[in-house]
Number of protein chains: 2
Amino acid sequence: MNRLSLNQWTTRHWSVPEAVAGCRRHGIEAIGLWREPVAEHGLAATVKLVRDAGLRVSSLCRGGFFTGSTWLDDNRAAVDEAAELGAACLVLVVGGLPGVVPGEALGARVSRDLAGARSQVAQALDALVPHAEERNVRLALEPLHPMYAADRAVLSTLGQALDLAEPYPSERVGVVVDTFHVWWDPEVERQIARAGDRIASYQVCDQLMPLPADVLLGRAMMGDGVIDVAPLTRAVTAAGYAGDIEVEIFNAGVWGADPDEVLATMKRRYATHVVPALG
Amino acid sequence: MNRLSLNQWTTRHWSVPEAVAGCRRHGIEAIGLWREPVAEHGLAATVKLVRDAGLRVSSLCRGGFFTGSTWLDDNRAAVDEAAELGAACLVLVVGGLPGVVPGEALGARVSRDLAGARSQVAQALDALVPHAEERNVRLALEPLHPMYAADRAVLSTLGQALDLAEPYPSERVGVVVDTFHVWWDPEVERQIARAGDRIASYQVCDQLMPLPADVLLGRAMMGDGVIDVAPLTRAVTAAGYAGDIEVEIFNAGVWGADPDEVLATMKRRYATHVVPALG
C-alpha cells in the first residue's frame with residue numbers, strides 16, 4: 001500500500017493544501033501534482049508543504065503540448081518546477097495535430113500531417129532534453145489512447161514512446177505506462193518488457209463503457225470498467241518498476257463525490273485490484 | 001473513379017433496390033452490402049438485382065461477433081450469403097469482451113479477460129475457415145479503432161489482424177484496411193506493406209473531431225475530419241491492392257441528408273481525396 005500515490009486531478013476540486021492534508025489523513029505517502037494548482041498555491045509554498053508532510057512527489061503533470069507557440073519556454077518552466085518539487089518525473093503529453101483544439105470544431109488552419117507532427121515531437125524533445133539534463137529532471141513521455149491522437153497526443157502507443165525515448169539515457173527520458181491508454185494494445189506486454197527501466201511512472205485506472213459524451217472523462221476507479229489491471233501491473237513489476245503507482249481519474253462522478261470518500265474507495269480498490277499483482 | 005464503391009450503410013435509410021438504383025443513377029459500379037437489408041429484400045432477389053444492374057459486390061458486411069451463442073451458425077450463413085452474392089469478401093468484426101453489449105451499462109457477467117477473448121477469436125476463425133473454403137468465400141478480418149476494443153472488436157490493429165490471418169492462404173483470409181480504424185497507428189504503413197495481397201478491402205472515410213457523444217458515429221465524409229487519406233491510399237496501392245474502394249460512413253448528419261446529395265458529395269470527395277493518390 002505504501003506505493004499508492006494520489007494523482008491530484010482525481011480530487012481536482014481540492015487545492016494543493018487540501019490534497020496534501022487528504023493524503024496525510026488517509027496514510028497516502030505520495031502525490032502526483034499538477035502545474036495549475038501548484039501555481040495557484042505558489043511553487044515555493046508547495047515545495048515546503050509537501051516536504052513538511054513527508055510526501056513523495058511521484059510526478060508533475062504536465063509538460064508537452066509542443067504545438068503551442070510558447071512551448072519551449074513553457075516546458076523549460078515545467079522542468080524548473082519539477083526540479084524544485086523533487087518530482088520523480090515531468091509527464092509530457094505531446095499534443096495533437098497542429099491547429100486541433102480539444103473540444104472545438106475543426107478550423108481552417110488544422111494540419112492533417114500526422115507524420116510531420118510526430119517528427120516535430122522528436123525535434124521538440126531534443127530541444128528540451130538539455131534543460132532537463134541541467135536541472136536533473138526526468139522527462140516521461142506519455143502515450144495517450146488513440147482516440148486522442150488528433151487533439152491531445154500524436155504519441156499513441158508505448159512502442160512509439162520508447163522509439164522516441166531511445167536516443168537518450170533512461171534516467172533522462174522515460175515513459176509513462178497508464179492502464180487506460182495502453183490496455184487495448186496487442187503489443188503492450190512486450191513493450192512494457194522492452195521499456196524496463198524507462199518506466200518513469202505507472203498510472204492505474206479503469207475505462208468506462210459506454211464511453212461518456214466527453215471521451216476525456218472515460219476514466220474510472222479500478223473495478224468500475226473493462227480493464228483488468230492485474231496483467232499490466234504484473235508486467236510493469238516484472239520489468240523492474242518499483243516506484244509509486246498513481247491513481248489518476250478524470251470522471252464527472254468522481255469529481256462530484258466527497259473527496260474523502262474518493263480516497264477511501266481508491267485505497268480499497270487499489271488493495272483489491274493492484275496490490276495482489278505486485279507479487 | 002470506376003473503383004469507387006458505395007458501402008450501403010452510408011445511405012442506411014435506402015433499401016437494397018434504392019441503393020442499387022442510386023449507384024446506377026450516379027455511375028457507381030460497386031456496392032458493399034449489409035446482411036440485414038439484404039435479408040429484408042431477400043437474398044435471391046438481391047442477387048438478381050445486383051447482377052441485372054451489373055454491379056460488383058465489393059463486400060458483404062458482416063460476419064464475426066464470435067462471442068454470441070449462435071456465432072458459428074450465424075457466420076456459416078453469412079458465408080453462404082457472401083457466396084451467393086459473389087461478394088469479394090465477407091467482412092468480419094470479431095466482437096468485444098464477452099458480456100459487453102454496445103451502448104449498455106456493464107453487467108455482472110462481463111469478462112475482462114482480453115487475452116482470452118483474443119485467443120477465442122483465433123479459435124473461432126479456425127472453425128469458420130473450412131466452410132469459407134468450401135464456399136470459396138474470402139474472409140476479411142477488420143481491425144477496429146481501439147476505442148471499440150471492449151464492445152465491438154478485440155482486434156485493434158492491422159498487425160494483429162495479419163498475425164491472425166497468417167496461418168491461412170491469403171485468398172481465404174484477408175484483412176480490411178479502413179482509414180478511420182487505422183490512421184492513428186504508428187505502424188500502419190509498415191503493416192499495409194506487410195499485408196500485400198492480404199488486403200481484401202479498402203474502406204475510406206474521415207474522423208470527426210470532436211467525436212460525437214456516440215463514438216460509433218464519428219465517421220465522416222473525406223475532408224470533413226482529421227484524416228489525410230492520401231498516404232494511406234498510396235500505401236495500399238503500393239502494396240498491390242487494385243480492388244474496389246468503399247466509402248462507409250456512420251454519421252447522423254449523413255444519414256439525415258438526401259441520399260442522392262450524399263452520393264454526389266461522395267463522388268466529389270473521392271475525386272479530390274482518393275483518386276490523386278491512386279497514381
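From a predicted model like this one, the values you see are computed outputs, not experimental measurements. For every chain, the first residue of the written sequence is number 1, and numbering continues from 1 onward in sequence order. Written order determines the labels here, with chains lettered from A and ligands numbered from 1. A pLDDT threshold of at least 70 governs which residues receive local features in this predicted model, and a stricter bar of 80 or more applies before side-chain atom pairs are shown or counted, although totals over entire chains, interfaces and linings include all residues. Side-chain measures were taken over the full set of non-hydrogen atoms in the model, leaving aside hydrogen atoms and water.

## Focus: the pattern of salt bridges
All names here are of chain A. Salt bridges are counted wherever a side-chain nitrogen of Lys or Arg sits within 4 Å of a carboxyl oxygen of Asp or Glu. In the structure shown here, the tally under the stated rule is 30 salt bridges over all chains. The shortest N-O distance in the salt bridge between Asp 260 and Arg 25 comes to 3.0 Å. Separated by 235 residues along the polypeptide, Asp 260 in helix H11 (residues 259-273) and Arg 25 in helix H1 (residues 16-25) bring together distant segments of the chain. Each residue is placed in one exposure class: buried if its accessible area under a 1.4 Å probe, protein chains only, is under 20% of its type's maximum, exposed if it is over 50%, and partly exposed if it falls in between. Judged by relative accessible area, which is 24%, Asp 260 ranks as partly exposed. Helix and strand assignments come from DSSP, with helices taken as H or I runs of at least 4 residues and strands as E runs of at least 2, each series counted from the N terminus.

## Quick word on the UniProt feature "domain: Xylose isomerase-like TIM barrel" (unreviewed entry) in chain A
UniProt positions are given in the numbering used here, feature names are shortened, and annotations may be inferred rather than shown by experiment. Residues given the UniProt feature "domain: Xylose isomerase-like TIM barrel" (unreviewed entry) here are residues 23-258 of chain A. Split by type, residues 23-258 of chain A is 39% helix and 17% strand. Its first and last C-alpha atoms lie 14 Å apart.

## Looking at helix H4 (residues 71-85) of chain B
Residues and elements named next belong to chain B. The span you would expect from a helix comes to 1.5 Å times its residue count less one. Taking 1.5 Å per residue as the helical rise, H4 with its 15 residues ought to reach 21 Å, and the 21 Å between its terminal C-alpha atoms agrees with that figure. Burial in H4 covers these residues: Trp 71, Asn 75, Ala 78, Val 79, Glu 81, Ala 82 and Leu 85. The arc that holds every buried residue of H4, seen down its axis, measures 165 degrees, which confines them to one face. The first or second residue beyond H4 is Gly 86, which carries a positive phi of 65 degrees. Directions pointing from the helix axis toward each C-beta atom define the arc.

## Quick look at the interface of chain A and chain B
Residue contacts are defined here by distance: any two heavy atoms, one from each residue, within 4.5 Å place the two residues in contact. The interface is formed by 34 residues belonging to chain A together with 34 residues belonging to chain B. The term buried area refers to how much accessible surface (probe radius 1.4 Å) is lost by two components on association, counted for both of them together. Across the chain A/chain B interface, buried area totals approximately 2,600 Å², and carbon plus sulfur atoms make up 70% of it. Contact with chain B buries surface across chain A, with Arg 112, Trp 184 and Met 209 of chain A losing the most and accounting together for 21% of the total. In this assembly, chain A and chain B are joined by zero salt bridges. Tallied by class, residues from the side of chain A that touches chain B come to 20 nonpolar, seven polar and seven charged. Three residue categories are used. Nonpolar comprises Ala, Val, Leu, Ile, Met, Phe, Trp, Tyr, Cys and Pro, charged comprises Asp, Glu, Lys and Arg, and polar comprises the others, including Gly.

## As for the packing of aromatic side chains
Ring pairs are drawn from Phe, Tyr and Trp, using the six-membered ring of Trp, whenever the two centres fall within 6.5 Å, and their geometry is named by plane angle: stacked under 30 degrees, edge-to-face over 60, tilted for the rest. Scanning the entire structure with this criterion turns up 11 aromatic pairs over all chains. One aromatic cluster in this structure is built from Trp 9, Trp 34, Phe 250 and Trp 255 of chain A. Directly above the aromatic system of Trp 255 of chain B lies the positively charged group of Arg 12 of chain B, at a separation of 4.5 Å from the ring centroid. Against the face of Phe 250 of chain B rests Arg 219 of chain B, its NZ or CZ located 5.6 Å from the ring centre. In this scheme, the term charge over a ring applies when either NZ of a lysine or CZ of an arginine sits within 6 Å of the ring centre and within 35 degrees of the ring normal.

## Focus: the relation of the copies chain A and chain B
Under the fitted operation, chain A is carried onto chain B by 0.0 Å of movement along the axis and a turn of 180 degrees, and the coordinates agree to an RMSD of 0.0 Å. In the structure described here, the two chain copies are related by an operation that fits a two-fold rotation axis. Minimal C-alpha distance to the rotation axis in chain A is attained by Ala 213 of chain A, lying at 2.0 Å. Both copies contact each other with a shared surface, as 100% of the interface residues of chain A are interface residues in chain B too. When the copies are overlaid, the least-squares fit takes in C-alpha atoms only where the residue has pLDDT of at least 70 in both copies.

## Some remarks on the sheet that holds strand E1 (residues 4-7) of chain B
Residues and elements named next belong to chain B. One requirement defines pairing of two strands: DSSP has to find at least two bridges between them. Around the barrel, eight strands lie side by side as E1-E2-E3-E4-E5-E6-E7-E10; this closed barrel has parallel pairing. Strand-to-strand, the axes of this sheet are offset by a mean angle of 30 degrees, without reference to chain direction. Both strand E7 (residues 199-204) and strand E10 (residues 245-247) contribute to a ladder of three bridges, which runs parallel. Its bridge partner lying in E10, Tyr 202 is registered against Ile 245. A fitted line through C-alpha atoms represents every axis, and for helices the fit uses only the stretch in contact; the resulting angles, taken between N-to-C directions, go from 0 to 180 degrees. The sheet contacts of helix H5 (residues 114-134) involve strand E4 (90-93), strand E5 (139-141) and strand E6 (173-178), and relative to E5 the element is tilted by about 150 degrees.

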